[in-house]
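Summary of structural features
Chain by chain, the residues:
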Amino acid sequence: MTQAQARPAGVRPSTETLERRGSITTDRDGGPGPLDGPEAAVILERARATVDPELRAAVESLPASLRRITRYHFGWEHADGTPAAGNAGKAIRPALVLTAAAAIGGPRARAAAVRAAVAVELVHNFTLLHDDVMDRDATRRHRATAWTVFGDADAILAGDALQALALRLLAEDPHPASAAAGARLADCVVELCAGQQADTALEKRGPGEVGLDEVLTMAEAKTGALLGCACALGALYAGAADEDVVALDAFGREAGLAFQLIDDVIGIWGDPGHTGKPAGADLAARKKSLPVVAALTSGDPAAAELAALYEVPYDEEDLQRTALAVERAGGRDWAQAQAAERMARAMQELARAVPEPEEAGGLLALAEFVTRRSN
Ligand SMILES: CC(C)=CCC/C(C)=C/CC/C(C)=C/COP(=O)(O)OP(=O)(O)O
């Protein structure tokens, strides 16, 4: 099913519709003006504007030493402590929390779910800080990663502090759903850790020793779990029925897997000007990303060439050859088709929880965004 087909018929919400269901607000409350760009971009921008004050307040509550690292990580400060323009990321996860809440319970539910959205964004950034240390990634969001500036220990501890702030935010929230949300977020952190552990274990194995199913399972835990949790938290804060919370969690997970598939494609063929990461970093690190494992297990003659390249350390010369071998063995096409398939499943779950297309439009737009993005 194509993405266009996946969108339920007749869904092209107007600015008024988006306002009514709470996905956006106009400048009456100081938010962005009327819808003037792609819907997802407006929703993401609005989510960023909604969560940033609480996110900053949470970070300001940290001791000075940890505050410095986290302010740098969010792009609010340079390494020397002077103010920076800020690049705290795309805000996909807080947008999912707020938009899921709005889809079920309208603008009031969206407003009630702000702390949950901040908590999810804090957990996401905890994982990024740790992931960069483990992967030895030197660049994130177009800047040097925190561990390269402050060292491994400080980056890890700043990540730990963000996770603690997330759980404290929910613990202090008087909303009736906050305890269930806290438990769900804690379970999600455990799943993220298991996914990350599976990933590091896979990286130690040879190119011929990794199966596609186990990489998909790992990616669902590492990436899908938090997107699913974000949607579930929004639904919980809106007072959704249990089965709708489950369906929205599944929607987020499937969209999350599509997101990881596209992230892996971008990691190989993306434009570094957009991604903020060096070209081919995943191939250079010999990462067993989803397109690579799909290619390795394809049975295509190009798979043998790819396996041979993956057996030896990275050499600048072979970067293009490696990307070409993944493509020739079908890894790129498979990842794109699999992302479309996951999107179709996500749409089914969304229709179960939010059958009214007008209400589902914001979540649909975000899911489409993750499979269309270029960074
Ligand atoms: C426990 C542990 C260390 C787990 C690691 C989990 C992990 C980092 C998974 C990768 C998820 C991912 C694609 C992040 C980029 O998100 P994004 O493109 O939305 O980032 P942005 O906030 O910069 O936009």
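The sections below set out a description of the structure shown in this document. Not measured: the values here are computed from a predicted model.

**Considerations on the side chain of S289**
- Mapped onto the secondary structure, S289 falls in the loop between α13 (281-284) and α14 (290-296).
- Leaving out residues up to four positions away in the same chain, S289 has contacts with D264 and I268.

**Let's talk about the packing of aromatic side chains**
- All chains considered together, the criterion is met by 2 aromatic pairs.
- Their ring planes at 70° and their centres at 5.5 Å tell us that Y72 and F150 sit as a pair that is edge-to-face. Remark: F150 occurs in helix α7 (residues 146-150) and Y72 occurs in helix α4 (residues 64-73); sequence separation between them is 78 residues. When sorted by exposure, Y72 lands in the same class as F150, which is buried.
- Consider the rings of F74 and W76, whose centres lie 4.8 Å apart with planes at 20°: the pair is stacked.
- On the basis of relative accessible area, F74 is assigned to the buried category, the value being 0%.
- Relative accessible area serves as the criterion here: at 6%, W76 is assigned to the buried category.
- Over the ring of Y72 we find R143, and its NZ or CZ is 4.1 Å from the ring centre.

**Some remarks on the site of the ligand**
- With respect to spatial proximity, 18 residues lie near the ligand, and among them K90, R93, H124, R141 and Q196 are the closest.
- A distance of 2.8 Å is found between an oxygen atom of the ligand and a side-chain nitrogen or oxygen belonging to R93.
- In this structure, an oxygen atom belonging to the ligand sits 2.8 Å away from a side-chain N or O atom of H124.
- For the shell around the ligand, the elements supplying multiple residues, two or more each, are α5 (92-112), α6 (114-135), α9 (178-203), α10 (212-237) and α11 (242-269).
- Among the elements that line the shell around the ligand, the one with the most residues is α6, at 5 residues.
- Across the shell around the ligand, the residue classes break down as 5 nonpolar, 7 polar and 6 charged.

**Some thoughts on the nonpolar core**
- Among the nonpolar cores identified, the biggest contains 103 residues, and L96, L122, L185, L248 and F251 are the most heavily contacted of them.
- If you tally residues by element for this core, the top one is α10, at 16 residues.
- Listed in part, the 13 residues of the second largest apolar core include I268, V292, L296 and Y310.

**Re the pattern of salt bridges**
- Counted under the stated rule, the structure contains 28 salt bridges.
- A salt bridge links E172 to R168; the shortest N-O distance between them is 3.9 Å.
- For E172, a relative accessible area of 51% puts it in the exposed group.
- Accessibility expressed as a relative area gives 40% for R168, which makes it partly exposed.
- In this structure, the salt-bridge partner of R253 is E220, at a minimum N-O distance of 3.0 Å. One end of the pair, R253, is in helix α11; the other, E220, is in helix α10, with 33 residues separating them in the sequence.

Cut-offs applied
- Residues numbered from 1 in each chain as written.
- Predicted model: local features only at pLDDT ≥ 70, side-chain atom pairs only at ≥ 80, totals over all residues.
- Heavy atoms only, no water.
- Helix = DSSP H or I, 4+ residues; strand = E, 2+ residues; numbered from the N terminus.
- Contact = heavy atoms within 4.5 Å.
- Phe/Tyr/Trp six-rings, centres within 6.5 Å; stacked < 30°, edge-to-face > 60°.
- Buried < 20%, exposed > 50% of the residue type's maximum accessible area, 1.4 Å probe, protein only.
- Lys NZ or Arg CZ within 6 Å of the ring centre and 35° of its normal.
- Near = heavy atom within 4 Å.
- Polar contact = N/O pair within 3.5 Å; in protein donor to acceptor, adjacent residues only side chain to side chain.
- Nonpolar A, V, L, I, M, F, W, Y, C, P; charged D, E, K, R; others polar.
- Core = buried A, V, L, I, M, F, W, Y, C linked by side-chain atoms within 4.5 Å.
- Salt bridge = Lys/Arg side-chain N within 4 Å of Asp/Glu carboxyl O.

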